[in-house]
Amino acid sequence: MQTKIKTEFKAVAYMRKVRDELSEMIQTDNERFHKELNKTMADFIAKRTKKST
């Protein structure tokens, strides 16, 4: 079975890029990293709660 959609998106490369950016952020601006992490987790929990109700 072949995929019908051809895309240049590479998940592993994307995850490496994100990991590198987050590593740099935590080393340079720890407070901003934690604020963004908390906001992201709150958004995730809100979406998850909204879908289950």
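Keep in mind that this is a model prediction, so the values were computed, not measured.

Trainee: Please give an account of the overall build of the chain that cites residues and values.
Mentor: Summing up its helical and strand segments, the chain has two helices and zero strands in all. Computed over C-alpha atoms, the radius of gyration of the chain comes to 16 Å, more than 25% over the 10 Å expected from 2.2 N^0.38 for 53 residues, which places it beyond the range of a compact globule. By the burial criterion, 4% of the 53 residues in the chain qualify as buried.

Trainee: Lay out the pattern of salt bridges with the relevant residues and their values.
Mentor: As enumerated under the stated definition, the model contains four salt bridges in all. As a salt-bridge pair, Lys 17 and Glu 21 come within 3.8 Å of each other at their nearest N and O atoms. Separated by four residues within a single helix, Lys 17 and Glu 21 lie in helix α1 (residues 11–28), roughly one turn from each other. Taking relative accessible area as the criterion, Glu 21 reaches 45% and is therefore assigned partly exposed. In this structure, Arg 32 engages Glu 36 in a salt bridge whose closest nitrogen and oxygen atoms are separated by 2.8 Å. Of this pair, Arg 32 and Glu 36 both sit in helix α2 (residues 30–52), four residues apart, which is roughly one turn of that helix. Since its relative accessible area comes to 42%, Arg 32 is described here as partly exposed.

Trainee: Pulling in residues and values, what's your account of a nonpolar patch on the surface?
Mentor: Side chains of Leu 37, Met 41, Phe 44 and Ile 45 sit close together on the surface and give an oily, nonpolar patch of about 380 Å² of accessible area. Position of Phe 44 relative to the elements: it lies in helix α2. Judged by relative accessible area, Phe 44 falls into the partly exposed class, the value being 47%.

Trainee: Any details on the packing of aromatic side chains? Residues and values, ideally.
Mentor: As enumerated under the stated definition, the model contains one aromatic pair in all. With a centroid separation of 5.8 Å and an interplanar angle of 50 degrees, the aromatic rings of Phe 9 and Tyr 14 are classed as tilted. Take Phe 9: its relative accessible area is 53%, and that puts it in the exposed class.

Trainee: How would you sum up the environment of Leu 22? Please name residues and give values.
Mentor: If you trace the backbone, Leu 22 turns up in helix α1. Linking Leu 22 and Lys 6, residues 16 residues apart in sequence, is a C-alpha distance of 29 Å.

Conventions we followed
Residues numbered from 1 in each chain as written. Predicted model: local features only at pLDDT ≥ 70, side-chain atom pairs only at ≥ 80, totals over all residues. Heavy atoms only, no water. Helix = DSSP H or I, 4+ residues; strand = E, 2+ residues; numbered from the N terminus. Rg over C-alpha atoms; globule rule 2.2 N^0.38 Å. Buried < 20%, exposed > 50% of the residue type's maximum accessible area, 1.4 Å probe, protein only. Salt bridge = Lys/Arg side-chain N within 4 Å of Asp/Glu carboxyl O. Patch = residues over 30% accessible without salt bridge, like charges linked within 9 Å, V, L, I, M, F, W, Y side chains within 5 Å. Areas by Shrake-Rupley, 256 points an atom, 1.4 Å probe, with all protein chains shown as cover. Phe/Tyr/Trp six-rings, centres within 6.5 Å; stacked < 30°, edge-to-face > 60°.

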